[in-house]
Amino acid sequence: QVQPVESGGGLVQAGGSLRLSCAVSGRTFSRYAMGWFRQAPGKEREFVAAISGSGAFTEYLDSVKGRFTIFRDNAKNTVYLQMNSLKPEDTASYYCAAGEVFTRTPMYDYWGQGTQVTVSS
């Protein structure tokens with residue numbers, strides 16, 4: 001069974017950095033594309049970043065390009081989201097997702113429970 005589990009969220013000041021991790025159970029991690037999504041209170045869930053199974057391809061939300069980096073370690077069954085130069089508008093619950101299709105849409109098969117990121121001004 002594939003189960004993503006996020007960690008690494010927290011409270012940080014504007015301009016600071018956080019690294020989110022998502023560990024995925026199962027022995028076929030490299031076959032799954034991985035995505036990060038976020039949802040702020042009162043807003044719809046939005047795409048943040050995605051990475052293909054091999055790690056060769058990535059996609060980003062325009063507003064996080066140059067600040068966030070998604071990468072994966074297939075030997076550790078883990079995907080990461082390095083977030084730098086954080087802004088208050090990045091405050092949200094961040095969700096990790098796994099799926100067979102590399103996409104910016106929420107068409108992923110497995111979702112984690114989320115980790116909260118709060119950026120203070």
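Q: Can you lay out the nonpolar core for me, pointing to particular residues and giving the numbers?
A: Judged by nonpolar contacts, the single largest core of 29 residues is most densely connected at M34, W36, V79, L81, M83 and Y94. Mapped onto this core, the elements with two or more residues apiece are β3 (18-24), β4 (33-39), β5 (46-51), β7 (68-73), β8 (78-83), β9 (92-99) and β11 (115-120). Among the nonpolar cores identified, the runner-up in size contains six residues, and A33, A50, A97 and Y108 belong to it.

Q: Any details on the packing of aromatic side chains? Residues and values, ideally.
A: Summed over all chains, the structure comprises six aromatic pairs. Relative to F47, the ring of F37 lies with its centre 5.8 Å away and its plane at 75°, an arrangement referred to as edge-to-face. Here the residue F37 occupies a position in strand β4, and F47 occupies one in strand β5, the gap between them amounting to ten residues. For F37, a relative accessible area of 2% corresponds to the buried category. Arranged with centres 4.9 Å apart and planes meeting at 20°, the rings of F71 and Y80 form a pair that is stacked. The partly exposed category is assigned to F71, whose relative accessible area is 27%. A relative accessible area of 14% places Y80 in the buried class. Taken together, the ring pairs connect F37, F47, Y108 and W111 into an aromatic cluster. Above the face of the Y95 ring, R45 is positioned so that its terminal group lies 4.0 Å from the ring centre. A cation sits over an aromatic face here: R72 above F29, 4.3 Å from the ring centre.

Q: Could you give me a rundown of the side chain of S52, with the residues and numbers involved?
A: Position of S52 relative to the elements: it lies in the loop between β5 and β6 (58-60). Here S52 falls in the buried class, since its relative accessible area comes to 8%. Only 3.3 Å separates the side chain of S52 from the backbone nitrogen of A56, close enough to count as a polar contact.

Q: I'd like a rundown of the pattern of salt bridges, residues and numbers included.
A: Taken as a whole and assessed by the stated rule, the structure comprises six salt bridges. With a closest N to O distance of 2.7 Å, R31 and E100 form a salt bridge. Placement of the pair is R31 in the loop between β3 and β4 and E100 in the loop between β9 and β10 (110-111), with a sequence separation of 69 residues. By relative accessible area, E100 is classed as partly exposed at 48%.

Parameters at a glance
- Residues numbered from 1 in each chain as written.
- Predicted model: local features only at pLDDT ≥ 70, side-chain atom pairs only at ≥ 80, totals over all residues.
- Heavy atoms only, no water.
- Core = buried A, V, L, I, M, F, W, Y, C linked by side-chain atoms within 4.5 Å.
- Buried < 20%, exposed > 50% of the residue type's maximum accessible area, 1.4 Å probe, protein only.
- Helix = DSSP H or I, 4+ residues; strand = E, 2+ residues; numbered from the N terminus.
- Phe/Tyr/Trp six-rings, centres within 6.5 Å; stacked < 30°, edge-to-face > 60°.
- Lys NZ or Arg CZ within 6 Å of the ring centre and 35° of its normal.
- Polar contact = N/O pair within 3.5 Å; in protein donor to acceptor, adjacent residues only side chain to side chain.
- Salt bridge = Lys/Arg side-chain N within 4 Å of Asp/Glu carboxyl O.

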